[in-house]
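# Summary of structural features
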Amino acid sequence: MFGSTIKPPRDIWDRLPKKRTGWGAVLIGACLTAGVTVAGLLVSPWLPAQGTTLLYILVIVGGAVGFGVVTGLTSATLAFFAYNFFFVHPTFTFTISDPRDLFALFVFFGCKVTTDSMAGHMRDIAERERRHAKSLLSLNGFAEALSRAASSSEVAMALASETAKVTGGRAVVLHVKENALTLAASSSAACELESADWQAAQRAARNFAAVYPSAPGWPGSTYEFHPVVSAGRETIALLGIRRPQPSDLQNDETLEAMLRHAAIAFEKDRKSTRLNSSHQIIS
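Residues numbered from 1 in each chain as written. Predicted model: local features only at pLDDT ≥ 70, side-chain atom pairs only at ≥ 80, totals over all residues. Heavy atoms only, no water.

Secondary structure assignment for the chain yields eight helices and four strands. Along the chain, from the amino end to the carboxyl end, the secondary structure elements read α-α-α-α-α-α-β-β-α-β-β-α. Each of the 283 residues in the chain was classed as buried or not, and the buried ones make up 37%. The long-range fraction of contacts in the chain, counting pairs at least 24 apart against all pairs at least 6 apart in sequence, stands at 62%. Accessible surface for the chain amounts to roughly 16200 Å². Of this, 62% is attributable to carbon and sulfur atoms. (Helix = DSSP H or I, 4+ residues; strand = E, 2+ residues; numbered from the N terminus. Buried < 20%, exposed > 50% of the residue type's maximum accessible area, 1.4 Å probe, protein only. Contact = heavy atoms within 4.5 Å. Areas by Shrake-Rupley, 256 points an atom, 1.4 Å probe, with all protein chains shown as cover.)

In this section: the packing of aromatic side chains. All told, the structure shown has nine aromatic pairs when counted by the stated rule. Judged by centre distance (5.9 Å) and plane angle (85 degrees), the rings of F86 and F92 are edge-to-face. On the basis of relative accessible area, F92 is assigned to the exposed category, the value being 54%. Cluster of aromatic residues (ring-pair linked, three or more members): Y56, Y83, F85, F86, F87 and F92. R233 extends its terminal NZ or CZ atom over the ring of F208, reaching a point 4.8 Å from the ring centre. (Phe/Tyr/Trp six-rings, centres within 6.5 Å; stacked < 30°, edge-to-face > 60°. Lys NZ or Arg CZ within 6 Å of the ring centre and 35° of its normal.)

Before going further, it helps to examine helix α2 (residues 22-43). For α2, spanning 22 residues, the distance from its first C-alpha to its last is 32 Å, which sits close to the expected 32 Å at 1.5 Å a residue. Looking at α2, one finds that the buried residues are A25, G29, T33, V36, T37 and G40. End-on, the buried residues of α2 take up no more than an arc of 110 degrees, which puts them together on one face. Every exposed residue of α2 that faces more than 90 degrees away from the buried side is listed here: W23, L27 and L42. (Expected span 1.5 Å × (residues − 1). Arc of directions from axis to C-beta.)

So, in C-alpha cells, the structure goes:
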C-alpha cells in the first residue's frame, strides 16, 4: 500500500503532554505551585526551609519542560510569593524581617526564572528538531511511494495517502484535463466533496494559487486546494486537504516539497503516455 513510512522510535519527548499557551498554561502553573506549596507545608516539620526551594525548582523545571515556557514562568512567579508567604520568617505575611532573606528570595526567583527559560527553550528546540525529522521521514516515504508508482493514478494515490499522514486529516487529489476536474484519489472513503469544494478547486486551478477553506461556521469550502503546477505553468492536478486543526508551518513546507515531487512524477507519466501513443501510431 502506498504511503508506508518509517516511524521514528518513541522517546521521552513523545510521552510529554501537549505544550500549552494562554490561560490554560497559567492555570496549570498555578495548580503546580499550589500542589508543591501544600506538599512543602506537610513536610516542613522534617525538611529545612531551604530544602523547600528545591521542591519549587523541581516543579518549575518540570512544568516548563512538560507544558512550555508560559507554565514555567507562571510557576516561578507564584512560587516567589508563596515561598515568601509560607516559608520566610515571619510566616503568613509578605513582610521580610531579615534583609538576608530578601536577598536570598530574589536570588531564588532569579534562579527559577533562569532554569525555567532554559527548560522551556530546550523543549522548543527538541520539538523543532523532531518536526524536521518527521518532515524528512514523510518526504522519504513519499519518494519511495513515487518510485513504485507506475501510473498517474498511483501517483495521485501516493500523494493523497502521504498528505493525510502529514496533516492528520483527509486528502483528495483531482486530475485537471481541459479545464475539467475528476477525482483521482482520496485518503479515505469519507472524503466527499461538496459543490463549494469543487468551486474552490476550480479557482485554485485557474489562478495557480492555493485556495483556503471558509472560517468555521461560514458557508463555503471545507477543503483547501493546492495546485500541482508543471514546469510549463499548467495545473495538472489539485491536492485538497481537510485539516483537523490549524496549519503548521513545518507541515506546509513538507507539503510544498511533496507538491514539487508530485508535479515531476505527473509530468513523467504524461510524457511516457505520449511516447507510448506515438509508438502505437507509428506501428
